[in-house]
Amino acid sequence: MDGVNQLTDVIQVCTDGSQLSEKGVDTAVELAQSLNLPLLGMTGVPGAPVAGGLEKEDSKTQERLKYIRDAAEAAGIKYELVAEHCQAPWQGILAVAKRYDARFIVMASRGLGSLGSLILGSETQKVLAAADRPVLVIR
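Just so we're clear, the structure is a prediction, and the values are computed from it rather than from any experiment. (Residues numbered from 1 in each chain as written. Predicted model: local features only at pLDDT ≥ 70, side-chain atom pairs only at ≥ 80, totals over all residues. Heavy atoms only, no water.)

Visitor: Can you walk me through the pairing of strand 2 (residues 39–46) in this structure?
Guide: Two faces belong to every sheet, and in a regular strand the side chains alternate between them. Counting buried positions over the eight residues of strand 2 gives six, a clear majority of the element. When strand 1 (residues 11–14) meets strand 2, the two strands line up parallel, connected through four bridges. The residue of strand 2 that forms the bridge with I11 is L39. The parallel pair strand 2 and strand 3 (residues 79–86), bridged by helix 2 (residues 59–75), forms a crossover whose chirality is right-handed. (Buried < 20%, exposed > 50% of the residue type's maximum accessible area, 1.4 Å probe, protein only. Helix = DSSP H or I, 4+ residues; strand = E, 2+ residues; numbered from the N terminus. Pairing = 2+ DSSP bridges. Right-handed = clockwise from strand over helix to strand, strands pointing away.)

Here it is, written out as structure tokens:
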């Protein structure tokens, strides 16, 4: 949805298309069912937004969001999908959380450890440090 928030007070789940992020999606879907809240699935996309909305995103972006859509539909919960164009994934995650008033954020972490995150930087660590709401990290 472009610029029109259909849902608020959501459980936000982030995906990068990895198997680990699918585990995060599965957890978020279970939580959404348990708490009777809608699910907001999102992925960060580098660069400027494309004209035409989600339907015009590239196939890689659409494929990342497909797992969330399929899981939410199978569970019978309300959902919305967002391809957030941003400079860095952690910035997109936080922007979406604020815009949709996410109750909390669910995301996966590869758990590279302190040395790995020092060298590579950790999107999860950056979200945890800057978030103004709870973050559930799935490993």
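Back to the write-up after that little detour.
Visitor: Explain the nonpolar core here, please?
Guide: Across soluble globular proteins, nonpolar side chains have a tendency to be buried as a group. Membership of the largest hydrophobic core comes to 20 residues, with the highest contact counts inside it found for I11, V13, L39, I68 and V106. The residues touching I11, leaving out its near neighbours within four places in the chain, are A28, L31, A32, L35, L37, P38, L39, L40, F104 and V106. (Core = buried A, V, L, I, M, F, W, Y, C linked by side-chain atoms within 4.5 Å. Contact = heavy atoms within 4.5 Å.)

Visitor: What should I look at first to understand the environment of V96 in this one?
Guide: Within the secondary structure, V96 is located in helix 3 (residues 89–100). Between the C-alpha atom of V96 and that of E84, which follows or precedes it by 12 residues, the distance is 7.4 Å.

Visitor: What exactly am I supposed to notice about the packing of helix 3 against helix 5 (residues 123–130) here?
Guide: The relative placement of two packed helices is expressed as an angle between their axes plus a distance between the axes. Two elements in contact, helix 3 and helix 5, have axes whose closest approach is 8 Å; the angle formed by their N-to-C orientations is 40°. Judged on the interaxial angle alone, helix 5 and helix 3 are oblique. Of the two elements, helix 3 crosses helix 5, and the hand of that crossing is right-handed. Across from P89, W90, I93 and L94 in helix 3, the residues of helix 5 making contact are E123, K126, V127 and A130. (Axes fitted to C-alpha atoms, helices over the stretch in contact; angles between N-to-C directions. Parallel < 35°, antiparallel > 145°, perpendicular 65-115°, else oblique. Left-handed = near helix turned anticlockwise from the far one by under 90°.)

Visitor: Sorry, what's going on with the pattern of salt bridges here?
Guide: Close approach of charged atoms allows side chains with opposite charge to pair. Using the criterion set out here, one finds six salt bridges in the structure. Of the charged contacts, one joins K66 and D70 as a salt bridge, the two residues approaching to 2.6 Å between their closest N and O atoms. Of this pair, K66 and D70 are both found in helix 2, four residues apart, which corresponds to roughly one turn of the helix. Of the residues examined, K66 reaches a relative accessible area of 31% and is grouped as partly exposed. For D70, a relative accessible area of 32% translates into the label partly exposed. Among the ionic pairs, D101 bridges to R133, the shortest N-O distance being 3.9 Å. With D101 in the loop between helix 3 and strand 4 (104–108) and R133 in the loop between helix 5 and strand 5 (135–138), this pair connects stretches of sequence that are 32 residues apart. The partly exposed category is assigned to D101, whose relative accessible area is 45%. Overall, the relative accessible area of 15% leaves R133 in the buried class. Residues joined by salt bridges that share partners form a network here, namely K66, R69 and D70. (Salt bridge = Lys/Arg side-chain N within 4 Å of Asp/Glu carboxyl O.)

Visitor: When you look at the confidence of the model for the protein in this model, what are you seeing that I'm missing?
Guide: Low pLDDT marks stretches whose predicted atomic positions should not be read closely. Per-residue pLDDT for the protein averages 88, and the proportion of residues at 70 or more is 88%. Low pLDDT, under 50, characterises residues 115–121; the predicted model gives this stretch five contacts beyond four residues in sequence or across chains. (pLDDT = per-residue confidence, 0-100.)

Visitor: I keep staring at the sheet that holds strand 2 and nothing clicks. Help me out?
Guide: Through backbone hydrogen bonds, the strands of a sheet pair up, either in parallel or in antiparallel fashion. If you walk across this open sheet you meet the five strands as 3-2-1-4-5, and the pairing is parallel. Strand pairing shows two members of the sheet lacking a second neighbour, strand 3 and strand 5, which therefore form its edges. Direction aside, the axes of adjacent strands within the sheet are offset by 25° on average. Relative to the sheet, helix 3 contacts strand 1, strand 2, strand 3 and strand 4, its axis offset from that of strand 3 by approximately 135°. Strands strand 4 and strand 5 of the sheet are contacted by helix 5, whose axis makes an angle of about 160° with strand 4.

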